[in-house]
Amino acid sequence: MKTFMSLITGLALTGFMAGNALADAAAGKAAFEANKCAECHYTQGPAQEKTIDDVWAKKGPELWYAGSKFNADWLGAWLADPKPIRLLAFNSLSDPNPGDHPKLAAGDAVSVKDFLMSLTAAEVEAGSVKAKKNPKGKLIFTKKMPCSGCHQYPDKSGNRGGKSGPSLVEAGLRLNPDWILAYLQHPAVFKPVKDMPNFVGILSDKDMINVSRHIASFKP
Amino acid sequence: MNRTMKSIIFATTLVIAVMAGAVPSVAEDVEKVFKFYCAQCHGESGDGKGINVTEDFPVTPRAFNNAAEMNKLTDADLRNVIHEGGPIASKSEMMPPWGKTLSDEDIDNLVIKLRALCQCKGKQG
């Protein structure tokens, strides 16, 4: 009987917790709208961009797969205290990132995080990439392929690399490793039009896993 | 096989290729293509001084206004290196492969644009 009771309590608790997360996501959606986040970010997939002009017209990155892309802890902290991710202002090849992203109050940051984490993409397969130092991936990133020409990354001597792509210096804290792989494997799903080359047919699936692992090991 | 049948097969293959997201089949305005994909390294004016060329960058991207250098290459060389990336021409891997990103028509238009920038015809061959 005792076991039965604790089973019931357990079940009820789980149900309560799930219900709570749903409630937070709903509150987060309301806060997302109230804070005018939707003026610069769309949250409904699939990808809408078909031309270069469509990309240039955007005021911020799409967030319809945010729950697959970001680590929840990083996202919650960033929403309350955003720091520049891209080195340059959005869609600019000259101006530095002004670092003026809207900030959310602590409570809203938690609920908006729950809302964004509820937005996922089916193409991201959980457990496909383990963050780990990976010599093959490192060779691809810095030598065999032009990745480092467009992305900053952490090195023993400090941060180095190009500026046109988002900085990957914090990628290990910021990004879900499984998403990095999905991003490389499914360019048409996540970024049908982008200034980074498609590597499908250039890098094998194995090498995409290697380089994803390497990126997922980046810490500032 | 009759004509209609052939064109149906052709259209279906095209749709599948587009859906697979392989290579976009619609060419865009070459000025936009150059600014969007190439200027980040080669500079908006093609002078080789794009925003990515910091002191960490191992080589200098080709300055397209350097007629002497650009004249050493045929149009086919240009097409090939844009499609496959630097290593195909024994050049740096920092020159990315664009063949899975740009359509053949986009690449042909870029070759014409580069010839306008260098004001040169290139090696004939």
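As the structure is a prediction and not an experimental result, all values here were calculated from the model. Within every chain, residues take consecutive numbers counted from 1 along the sequence as written. Chains carry letters and ligands carry numbers; both start at the beginning, A for chains and 1 for ligands, and go up in the order they are written. Reporting in this predicted model follows two pLDDT cut-offs: at least 70 for local features of residues, and 80 or more for side-chain atom pairs to be given and counted; totals over whole chains, interfaces and linings ignore these cut-offs and use all residues. For the side-chain quantities, the full set of heavy atoms in the structure was used; hydrogens and water were omitted.

Another point: the domain arrangement of chain A. All names here are of chain A. When cut into domains, chain A gives domain 1 (2-117) and domain 2 (135-216). In this assembly, 19 residues from domain 1 lie in contact with 19 residues from domain 2. The term buried area means the drop in 1.4 Å probe accessible area that two parts suffer when joined, counted for both and summed. Across the domain 1 to domain 2 interface the summed buried area is about 1700 Å²; carbon plus sulfur atoms make up 62%. Basic side-chain nitrogens of Lys or Arg form a salt bridge, by our definition, when they fall within 4 Å of a carboxyl oxygen of Asp or Glu. The partner of Glu62 in a salt bridge is Lys191, and the shortest N-O contact between them spans 2.8 Å. Pairs of N or O atoms are called polar contacts if they sit within 3.5 Å, as long as, within protein, a hydrogen donor faces a hydrogen acceptor (for residues adjacent in sequence, only side-chain-to-side-chain pairs). Joining domain 1 to domain 2, the criterion identifies eight residue pairs in polar contact (both at pLDDT 80 or more). A run of DSSP states H or I qualifies as a helix once it reaches four residues; a run of E qualifies as a strand once it reaches two. Both are numbered from the N-terminal end. Every element with two or more residues in the side of domain 1 that touches domain 2 is listed here: helix H2 (52-56) and helix H3 (66-69). Residue polarity follows a fixed list, in which Ala, Val, Leu, Ile, Met, Phe, Trp, Tyr, Cys and Pro are nonpolar, Asp, Glu, Lys and Arg are charged, and the others, Gly among them, are polar. In terms of residue class, the side of domain 1 that touches domain 2 is made up of eleven nonpolar, three polar and five charged. All domain edges in this entry derive from an automatic or database-based domain assignment. It only takes one pair of heavy atoms within 4.5 Å for two residues to be counted as in contact.

Moving on to the layout of surface pockets. Using only the protein atoms, space was sampled on a 1 Å grid; points where a 1.4 Å probe fits but cannot get out form cavities, open sets with protein on both sides within 12 Å along at least five of seven lines form pockets, and lining residues are those with an atom within 4 Å of a point. Grid points are joined across faces, edges and corners, and a volume is the space filled by probe spheres set on the points. By volume, the largest pocket is sized at about 1000 Å³. Lining the largest pocket are 47 residues, with Ser164, Gly165, Pro166, Tyr183 and Asp195 of chain A positioned closest to its centre. For the lining of the largest pocket, the secondary-structure elements that each account for two or more residues are H2, helix H7 (147-150), helix H9 (177-185) and helix H11 (205-216) of chain A together with helix H2 (30-42) of chain B. Of all the elements, H9 of chain A adds the most residues to the lining of the largest pocket, at four residues. Among the residues making up the lining of the largest pocket, the classes are represented as 29 nonpolar, six polar and twelve charged. Taken domain by domain, the lining of the largest pocket gets at least three of its residues from each of domain 1 (2-117) and domain 2 (135-216) of chain A. Taken as a whole, the second largest pocket spans an internal volume of roughly 810 Å³. The wall of the second largest pocket is formed by 38 residues, among which His41, Pro61, Trp78, His101 and Pro102 of chain A lie closest to the centre.

Now for the interface of chain A and chain B. With 34 residues of chain A at the interface, the matching set in chain B holds 22 residues. Taken together, both faces of the contact between chain A and chain B bury some 2400 Å²; the carbon and sulfur share is 63%. The tally of links from chain A across to chain B stands at one salt bridge. Inspection of the chain A/chain B interface yields nine residue pairs in polar contact (both at pLDDT 80 or more). Breaking the side of chain A that touches chain B down by element, the ones donating at least two residues are H2, helix H6 (135-144), H7 and strand S2 (158-161) of chain A. Here the residues of the side of chain A that touches chain B are counted per class, giving 15 nonpolar, eleven polar and eight charged.

Residue and element names in this part refer to chain A. Its location among the elements puts Arg174 in helix H8 (residues 171-174). Relative accessible area decides the class of each residue, using a 1.4 Å probe on protein chains only: under 20% of the type maximum gives buried, over 50% gives exposed, and in between gives partly exposed. When charges are tallied, Lys and Arg are placed among the positive residues and Asp and Glu among the negative ones, while His and the ends of the chain are skipped. Summary of buried charges: Arg174 has no salt-bridge partner, and the nearest side chain of opposite charge, Glu170, is 5.7 Å away. A polar side-chain atom of Arg174 sits 3.1 Å from the main-chain carbonyl oxygen of Ser167. With sequence-adjacent residues up to four places away left out, Arg174 is seen in contact with Lys69, Phe70, Asn71, Trp74, Ile85, Pro166, Ser167 and Leu168.

Another point: the packing of aromatic side chains. Classification of ring pairs uses Phe, Tyr and Trp, with its six-membered ring standing for Trp, and accepts pairs whose centres are within 6.5 Å; under 30 degrees between planes counts as stacked, over 60 as edge-to-face, and the remaining range as tilted. By the definition in use, this model includes 16 aromatic pairs over all chains. Here Trp179 of chain A and Tyr183 of chain A contribute two aromatic rings whose centre-to-centre distance is 4.8 Å and whose plane-to-plane angle is 40 degrees, an arrangement assigned as tilted. Placement of the pair is Trp179 of chain A and Tyr183 of chain A together in helix H9, with a separation of four residues, close to one helical turn. For the pair shown, Trp179 of chain A and Tyr183 of chain A are each scored as buried. When the centroid spacing of 5.5 Å and the interplanar angle of 70 degrees are considered together, the rings of Tyr37 of chain B and Trp98 of chain B count as edge-to-face. Of this pair, Tyr37 of chain B sits in helix H2 while Trp98 of chain B sits in the loop between helix H4 (75-84) and helix H5 (104-118), and the two are 61 residues apart along the sequence. Joined through ring pairs, the aromatic side chains of Trp64, Tyr65, Trp179, Tyr183 and Phe190 of chain A make up one cluster. A cation over a ring is seen here: Lys194 of chain A above Tyr183 of chain A, with NZ or CZ 6.0 Å from the ring centre. Think of it as a cone above the ring: NZ of Lys or CZ of Arg counts as a charge over the ring if it is within 6 Å of the ring centre and within 35 degrees of the ring normal.

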